[in-house]
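Take a look at the letters that make up each chain.
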Amino acid sequence: MKDTNVIGFGEEGEFNENDEEDITNIKKKASKKSGGFQSMALSYPILKGILKRGYKIPTPIQRKTIPLALEGRDIVAMARTGSGKTASFLIPLFERLKTRQAKAGARALILSPTRELAVQTLKFIKEIGKFTGLKASVILGGDSMDNQFSIIHGNPDIIVATPGRFLHICVEMDLRLNTIEYVVFDEADRLFEMGFGEQIHEIVNRLPETRQTLLFSATLPKILVEFAKAGLSDPVLVRLDVESKLPEELSLSFIICRSEEKLAVLLALLKNVIANDSQTVIFAATMHHVEYIHQILDKAGISNTFIYSNLDPSARKINAAKFQMNKVKTLVVTDVAARGIDIPHLDNVINFNFPAKCKLFVHRVGRCARAGRTGTAYNIVTPDEYPYLLDLHLFLGRSLNIVPSSGTTKDKEYAIGKMPQGMIEEELAELINWHDSSVDLTSMEKVCSNAYERYIKSRPAASSESVKRMKELNINSAGVIPQYSNINPTTMDMLTKMKQYRPQGTIFEIGKKTCSLDYKVMKEKRALHKNSILNFHKKMEMLEEKKKEAEKDLSQKTILPESSENEISEAFNKVVVPKKRNIDDLYKSTKKKKRLATKDEEFYIPYSAPDKHTEDGLAVNNFMTEAEKVQMDLTADNEESLRLQTQLKKWDRKKKKMITVNNNPKAGKIRTESGVWIPATYKTNRYTQWKEKSKVDAVADDDSEEESPQLQKLQTNVNTHWARHNQKIKEKVKAKSELKRPEQILKARKLLERKRQRNGRKNRKGQKKGGKSR
């Protein structure tokens, strides 16, 4: 059973009582060349948590980053999705913090762009750090601020937060972050894309300079490089898995169809192709498409749930948990909501709307085939999305293989083709019946069509070369993909023949008399264009023959072996080669000799900045142009966000592009101590109101407090029975020494009076009994 485990993962429930002995034995046997977690000199509770979680062998990013992080270095790490980045920063975090310190305050901060990613990180912390005893809390936008105030007062060791709400809490509470030792920016490129730049800079200004910072990102834009230079001290760049854009375990399938058949193809995939027990994520363009697909899947009886950006935070949490806990098998999402969601056992991804950017495609399909598992990405492509399909194949460096319309269809190397028309027609008939019987579905269909028109306006255009080439390729004539041809072959042949059938006459000629006006007009028109039609058919036949001849020539052409350098040197005594000259030497030779000017580089101040050409946009092959190729921008998924993307923009004649209009950037903002302008809504009186309501004093500095000698005797660090017993006694002693409020004093006095009255009655009864006995 152990041999069948996936690399980096194990089966749940595999950890038993004998694992402690196994860990000690493996630790003894492990050498520095073993390459496992045992060779990283991790402490016993952390190693135990790693093995309990199921990790066996570290991934490449973990093998590179964990030793550097354990040395205390600042790191900027780039790796593909699903490469184990979360464990790369959590394991060094546990190793640095070691154990719980209740009075120290927060010692580690993890900033995430979305609430789903933050909740997922907290889950990993609880699983891997189970035996460390460290307390972790999450602070998210949309949750109750009163609860978050009490969380901060509980002094957690690790805080996982989204930047906006965390800065709000810091400003409200005047929170000091002097105790933070370890900071992680997870999905850093997405943090800046979502507009959290001001909040991040303000949080960084509040952090101590002695901190260790780790920055994990999928891309490396210029703003991130500048932030790394300013916020990190001598960072190390770890860049892995850059060349291989897609995992080898991922298989791709591109299904072409008409735009009216998209839903039918989706239902056919979920019913006939994809297994019932496998998990699937469906990506749609807008939130309206998500709701529409959700209603259709409910009608079809397919268990599903959905997530988009405008959904209520609690509903998003519940729906994501349903899918992650395997309660439902299908999740419908937009790009904005799907960033950072990790489903370890995800089997399939369906692109209902094909992505306009190649990087976005890699991000979507990267949700599956993670950590050595296999997965399939199904892509439903309509004619308006064909140029984006060609752009993707050029980006991935793969050949565009189209299933032939005739001949053998047993070759499984082809990836672009159609579904059997019988499967699509069956689902289309059901969809038509559902729309005829349901008013909600018809209205939702209209809403989706309007939303798609707005989405097309905001969608970036494909390259002009791809648009030209697509007209020559004729993808519409592709055949059925071999994997989907599982229906009766006779019916399939009949349907393909029906689809390819072209009648000789038009609608004006069929069923008409030869003496009718329509028939005569069409006959004359046909005679007029007869020669041009015949010439076109001849031209197409000649092109096909030329292609066949070229393929034959390539197959018959013999490839001669190339000669080596040793063979050339043996055959020729002298070899004349053009002299290699530097570009600077060529420039110097053409330039006239001038008087040498002495220039002291130490004190010389140039007239222009060194990056002047870069700022003016005149530099060629610079970092900015390279970063733009790899960066990924997500389009909005609702009408309001799409409107905000297009409005408040004007044409800048100098920059030659549309820029956002910002008349007064300081309107409705306040300035912090570090000089950063943040929205004025960050500072309200909610914290003071909460303190008055909950009767909680402000958090005092722990260094100024001196413990009484009675408490100093009860100090134990080990997590034992006596440590818990001593902690309870500490709390009792603290409770006794607290200053009481007037209400508490009155209550205590009343209780004392009652006790005295009871004691007085008992004494009187005792005296009476004693008198009688005498």
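Predicted model only: the values in this text are computed from it and were never measured.

1. What to know about the overall build of the protein chain
Move 1: Counting its regular elements, the protein chain contains 31 helices and 18 strands.
Move 2: Across the 774 residues of the protein chain, 39% fall into the buried class.
Move 3: Long-range contacts, defined as pairs at least 24 residues apart, comprise 74% of the intrachain contacts of the protein chain with a sequence gap of at least 6.
Move 4: Surface accessibility of the protein chain: about 48700 Å² in total, with carbon and sulfur atoms responsible for 52%.

2. Describing the packing of helix 12 (residues 287–300) against helix 18 (residues 439–458)
When two helices pack together, their arrangement is captured by the angle between the axes and the distance separating the axes.
Move 1: For the pair helix 12 and helix 18, interaxial distance at closest approach is 9 Å and the crossing angle is 150 degrees. If you check the angle between helix 12 and helix 18, you find them roughly antiparallel. Note that helix 12 runs across helix 18; the crossing there is left-handed. Seen from helix 12, the contacting residues are His288, His289, Glu291, Tyr292, Gln295, Ile296 and Lys299; seen from helix 18, they are Asp440, Leu441, Met444, Glu445, Val447, Cys448, Ala451 and Tyr452.
Move 2: Considering only residue class, the contact of helix 12 with helix 18 consists of eight nonpolar, three polar and four charged.

3. Comments concerning the pattern of salt bridges
Side-chain pairs of opposite charge can arise where the charged atoms are in close proximity.
Move 1: Overall, the coordinates contain 15 salt bridges when judged by the stated rule.
Move 2: Across the salt bridge formed by Arg206 and Glu202, the nearest N and O atoms sit 3.0 Å from each other. With Arg206 and Glu202 both in helix 9 (residues 197–206) and four residues apart, the pair spans about one turn of that helix.
Move 3: Among the residues examined, Arg206 registers a relative accessible area of 24% and is labelled partly exposed.
Move 4: On the accessibility criterion, Glu202 (2% relative accessible area) is buried.
Move 5: The salt bridge involving Asp384 is made with Arg459; its shortest N-O contact spans 3.6 Å. Here Asp384, found in the loop between strand 13 (375–381) and helix 16 (386–396), pairs with Arg459, found in the loop between helix 18 and helix 19 (464–473); they are 75 residues apart in sequence, far enough to count as distant.

4. Let's talk about unusual backbone geometry
Move 1: Although it is not a glycine, Lys98 adopts a positive phi angle of roughly 65 degrees.
Move 2: Secondary-structure assignment places Lys98 in the loop between helix 4 (85–97) and strand 2 (108–111).
Move 3: Given a relative accessible area of 42%, Lys98 falls into the partly exposed group.
Move 4: Phi at Asn155 is positive, roughly 50 degrees, even though this residue is not glycine.
Move 5: With respect to the element layout, Asn155 can be found in the loop between helix 6 (145–153) and strand 4 (158–161).
Move 6: According to the relative accessible area criterion, Asn155 is buried, its value standing at 17%.

5. Structural notes on the environment of Arg73
Move 1: Mapped onto the fold, Arg73 is located in the loop between helix 3 (60–70) and strand 1 (75–78).
Move 2: Sequence separation between Arg73 and Pro235 is 162 residues, and the spatial gap between their C-alpha atoms is 6.8 Å.
Move 3: Apart from residues lying up to four places away in sequence, Arg73 is in contact with Leu68, Gln212, Asp234 and Val236.

6. A look at the packing of helix 4 against helix 5 (residues 115–128)
Move 1: In the contact formed by helix 4 and helix 5, the axes pass within 11 Å of each other and the chain directions differ by 50 degrees. Classified by the angle their axes make, helix 4 and helix 5 are oblique. Both helix 4 and helix 5 take part in a crossing whose hand is right-handed. Where helix 4 abuts helix 5, its residues Thr86, Phe89, Leu90 and Phe94 lie against Thr121, Phe124, Ile125 and Ile128.

7. A word on the pairing of strand 7 (residues 236–239)
Move 1: Here strand 7 shows one buried face, formed by Val236 and Val238, and one open face, formed by Leu237 and Arg239.
Move 2: Pairing of strand 1 with strand 7, which is carried by four bridges, proceeds in the parallel orientation. Across the sheet, residue Val76 finds its bridge partner in strand 7, namely Leu237.

8. Quick look at a positive patch on the surface
Move 1: On the surface, a cluster of positive charge is contributed by Lys750, Arg754, Lys755, Arg758 and Arg761.
Move 2: With respect to the secondary-structure elements, Arg754 resides in helix 31 (residues 742–773).

9. Looking at the sheet that holds strand 2
Move 1: Strand order in the open sheet formed by seven strands is 3-4-2-5-6-1-7, with parallel pairing between adjacent strands. Two strands in the sheet have a free side with no partner beyond their single neighbour: strand 3 (136–139) and strand 7. Neighbour-to-neighbour, the strand axes of this sheet turn through a mean angle of 15 degrees, independent of strand direction.
Move 2: Against the sheet, helix 3 touches strand 1, strand 5 (182–185), strand 6 (212–217) and strand 7, its axis set at about 175 degrees to strand 1.
Move 3: This element, helix 4, spans strand 2, strand 4, strand 5 and strand 6 of the sheet and lies at about 170 degrees to strand 6.

10. Some points on the confidence of the model for the protein chain
Move 1: Confidence in the prediction for the protein chain averages 75 pLDDT; 69% of positions are at 70 or higher.
Move 2: Low pLDDT (under 50) marks residues 407–411, which in the prediction has three contacts with non-local residues, meaning those over four places away or in another chain.
Move 3: Note on residues 578–583: pLDDT under 50 across the span, and two contacts to partners over four residues away in sequence or across chains.

11. With respect to the side chain of Thr286
Move 1: Tracing the chain through its elements places Thr286 in the loop between strand 9 (280–283) and helix 12.
Move 2: Ignoring anything within four residues of it in the chain, the contact list for Thr286 reads Thr334, Ala451, Tyr455 and Asp637.

12. What to know about the packing of aromatic side chains
Move 1: If you walk through the whole model with that rule in mind, you get 11 aromatic pairs.
Move 2: Between Phe185 and Phe227 the ring centres are 5.3 Å apart and the planes differ by 90 degrees, which places this aromatic pair in the edge-to-face class. On the criterion of sequence distance, the pair formed by Phe185 in strand 5 and Phe227 in helix 10 (residues 222–231) is long-range, its members being 42 residues apart. Side by side, Phe185 and Phe227 carry an identical accessibility label, which is buried.
Move 3: Through a chain of ring-to-ring contacts, the aromatic side chains of Phe149, Tyr687 and Trp690 assemble into a single cluster.
Move 4: Against the face of Phe131 rests Lys48, its NZ or CZ located 4.3 Å from the ring centre.

13. Some remarks on a negative patch on the surface
Move 1: Taken together, the side chains of Glu541, Glu544, Glu545 and Glu549 define an acidic patch exposed on the protein surface.
Move 2: Within the secondary structure, Glu549 sits in helix 22 (residues 530–556).

14. Structural notes on the pairing of strand 11 (residues 330–333)
Move 1: Of the two faces of strand 11, both are covered, the one formed by Thr330 and Val332 as well as the one formed by Leu331 and Val333.
Move 2: Two elements, strand 9 and strand 11, share four bridges in a ladder whose sense is parallel. What sits directly across from Phe283, in strand 11, is Val333.
Move 3: One ladder, built from four bridges, connects strand 10 (residues 304–307) with strand 11; its direction is parallel.

15. A closer look at a nonpolar patch on the surface
Move 1: Taken together, the side chains of Phe536, Met540 and Leu543 present a nonpolar region at the surface, about 290 Å² in accessible area.
Move 2: Mapped onto the elements of the fold, Leu543 is located in helix 22.
Move 3: Of the residues examined, Leu543 reaches a relative accessible area of 42% and is grouped as partly exposed.

16. Regarding the sheet that holds strand 8 (residues 250–256)
Move 1: Pairing is parallel across the open sheet formed by seven strands, whose spatial order is 10-11-9-12-13-8-14. Every interior strand has two partners, whereas the edge strands, strand 10 and strand 14 (416–417), have only one.
Move 2: Pairing of strand 8 with strand 13 involves seven bridges; the strand directions are parallel. Bridging from a neighbouring strand, Phe254 pairs with Asn379 of strand 13.

Each value, and the rule that gives it
- The residue numbering used here restarts from 1 in each chain and proceeds along that chain's sequence as written.
- Whole-chain, interface and lining totals are the exception, using all residues; otherwise, since this is a predicted model, local features are given only for residues with pLDDT of at least 70 and side-chain atom pairs are given and counted only at 80 or more.
- For the side-chain quantities, the full set of heavy atoms in the structure was used; hydrogens and water were omitted.
- By the criteria applied, helices consist of DSSP H or I runs no shorter than four residues and strands consist of E runs no shorter than two, each listed in order from the N terminus.
- For each residue, the accessible area found with a 1.4 Å probe, counting protein chains only, is set against the maximum for its type, and the residue is called buried under 20%, exposed over 50%, and partly exposed in between.
- Here, two residues are considered to be in contact whenever any of their heavy atoms come within 4.5 Å of each other.
- Per-residue and other accessible areas follow the Shrake-Rupley method at a 1.4 Å probe size, with only the shown protein chains counted as cover for residues.
- Note on definitions: angles span 0 to 180 degrees between N-to-C directions of axes, and those axes are lines fitted to C-alpha atoms, for helices only across the stretch in contact.
- An angle below 35 degrees is treated as roughly parallel, one above 145 as roughly antiparallel, one from 65 to 115 as roughly perpendicular, and anything else as oblique.
- The crossing is said to be left-handed when, going from far helix to near helix, the turn is anticlockwise and less than a right angle, and right-handed when the turn is clockwise.
- When residues are grouped by polarity, Ala, Val, Leu, Ile, Met, Phe, Trp, Tyr, Cys and Pro land in nonpolar, Asp, Glu, Lys and Arg in charged, and all others, Gly among them, in polar.
- We define a salt bridge as a contact between a side-chain nitrogen of Lys or Arg and a carboxyl oxygen of Asp or Glu at a distance within 4 Å.
- Note: two strands are recorded as paired if DSSP finds a minimum of 2 bridges between them.
- Patch membership is restricted to residues that have no salt bridge and whose relative accessible area is over 30%. Joining uses 9 Å for like charges and 5 Å for the nonpolar side chains Val, Leu, Ile, Met, Phe, Trp and Tyr.
- Residues counted as positive are Lys and Arg, residues counted as negative are Asp and Glu, and His and the chain ends are not counted.
- Here the site of a charge means atom NZ of a Lys, CZ of an Arg, CG of an Asp or CD of a Glu.
- Values of pLDDT, the confidence the predictor places in each residue, fall between 0 and 100.
- To pair, rings of Phe, Tyr and Trp, with the six-membered ring standing in for Trp, must have centres within 6.5 Å; the planes then decide the type, stacked if under 30 degrees apart, edge-to-face if over 60, and tilted in the middle.
- Charge-over-ring contacts are defined here by two conditions on Lys NZ or Arg CZ: a distance within 6 Å of the ring centre and an angle within 35 degrees of the ring normal.

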